[in-house]
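# Observations on the model geometry
Here are the chains, one letter per residue:
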Amino acid sequence: MNLAVRLATACLAISRVLNSIDLAQLETQLFGAGIQPLPVTSAHAVKLRDLPSLHRDPFDRMLVAQAMSEPLHLLTHDAALRPYSDLVVLV
């Protein structure tokens, strides 16, 4: 099974504001590990619109929409996202 892990830059920026993450250092480490950001596209927005309302956090729902659209596995500890797709992997 290929697991691809990509992070949305917007989520990182919001996390930085909320948790004082050093975004520049994090991006350097991610790029150094070969992890690239995944821009939000119109296809992701369409998938987001069509998702059932199983989870209220819009950023988590966007990550699910991106995973389902690409397709990519979404690794998460949030069990509330698991019902959306087999691509959501609890860790």
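Source: prediction; values computed, not measured.

## Quick look at the environment of Ala67
Mapped onto the elements of the fold, Ala67 is located in helix H4 (residues 58–69). Once residues lying within four places of it in the same chain are set aside, the contact partners of Ala67 are Leu72, Leu74 and Leu87.

## Details of the nonpolar core
If you look at the biggest cluster of nonpolar residues, it comprises 9 residues: Leu51, Met62, Val64, Ala65, Ala67, Leu74, Leu81, Tyr84 and Val88. Residue contributions to this core peak at 4 residues, all from H4. Residues in contact with Val88, not counting those within four places in the same chain, are Val64, Leu74, Thr76, Leu81 and Arg82.

## A word on the side chain of His44
Locating His44 in the fold gives a position in helix H3 (residues 42–50). Accessibility expressed as a relative area gives 0% for His44, which makes it buried. One polar contact links His44 to Glu70, side chain to side chain, over a distance of 2.6 Å. In this structure, His44 is in contact with Leu38, Pro39, Met62, Ala65, Gln66, Ser69 and Glu70, ignoring residues within four places of it in sequence.

## Let's talk about the packing of H3 against H4
One can describe the packing of H3 onto H4 by two numbers: an axis separation of 8 Å at closest approach and a directional angle of 115°. When the axis of H3 is compared with that of H4, the two are roughly perpendicular. Read as a crossing pair, H3 and H4 show a hand that is right-handed. Of H4, the residues touching H3 (which contributes Ala43, His44, Ala45, Lys47 and Leu48) are Arg61, Met62, Ala65, Gln66, Met68 and Ser69. The residue inventory of the contact of H3 with H4, partitioned by class, reads 6 nonpolar, 3 polar and 2 charged.

## Some thoughts on unusual backbone geometry
Cis geometry is found at the peptide bond from Glu70 to Pro71, where omega equals -20°. Mapped onto the elements of the fold, Pro71 is located in the loop between H4 and strand S1 (74–76).

## What to know about the pattern of salt bridges
If charged atoms from side chains of opposite charge come close, those side chains can pair. Tallying each qualifying case throughout the model produces 2 salt bridges. Arg49 serves as the salt-bridge partner of Asp50, at 3.1 Å between the closest nitrogen and oxygen. Relative accessible area serves as the criterion here: at 49%, Asp50 is assigned to the partly exposed category. On the basis of relative accessible area, Arg49 is assigned to the exposed category, the value being 61%. Note that Arg82 and Asp86 form a salt bridge whose closest N and O atoms lie 3.3 Å from each other.

Quick notes on the rules
Within every chain, residues take consecutive numbers counted from 1 along the sequence as written. In keeping with the predicted nature of the model, local features appear solely for residues at pLDDT of at least 70, side-chain atom pairs appear and are counted solely at 80 or more, and the whole-chain, interface and lining totals rest on all residues. Neither water nor hydrogens contribute to the side-chain values; these are computed over all heavy atoms in the structure. For the purposes of this entry, the term helix denotes a DSSP run of H or I that reaches at least four residues, the term strand denotes a run of E that reaches at least two, and both are numbered from the N terminus. A contact between two residues is defined here by any heavy atoms of the two lying within 4.5 Å. Among buried residues, the Ala, Val, Leu, Ile, Met, Phe, Trp, Tyr and Cys ones that are joined through side-chain atoms within 4.5 Å form a nonpolar core. Remark: exposure states derive from per-residue accessible area (1.4 Å probe, protein chains only) relative to the maximum for the residue type, with buried under 20%, exposed over 50%, and partly exposed in between. Distance and chemistry together define a polar contact, namely a pair of N or O atoms within 3.5 Å, with one atom able to donate a hydrogen and the other to accept it when in protein, and with adjacent residues in sequence counting only for side-chain atoms on both sides. Lines fitted to C-alpha atoms define the axes, with helix axes restricted to the stretch in contact, and inter-axis angles between N-to-C directions lie between 0 and 180 degrees. What sets the label is the angle itself: under 35 degrees gives roughly parallel, over 145 gives roughly antiparallel, 65 to 115 gives roughly perpendicular, and the rest give oblique. For a crossing to be left-handed, the near helix must be turned anticlockwise from the far one by less than a right angle; the clockwise case is right-handed. For this classification, the nonpolar set comprises Ala, Val, Leu, Ile, Met, Phe, Trp, Tyr, Cys and Pro, the charged set comprises Asp, Glu, Lys and Arg, and every other residue, Gly included, is treated as polar. Any Lys or Arg side-chain nitrogen found within 4 Å of a carboxyl oxygen on Asp or Glu counts as a salt bridge.

Everything listed here is a matter of geometry and, on its own, says nothing about what the molecule does.
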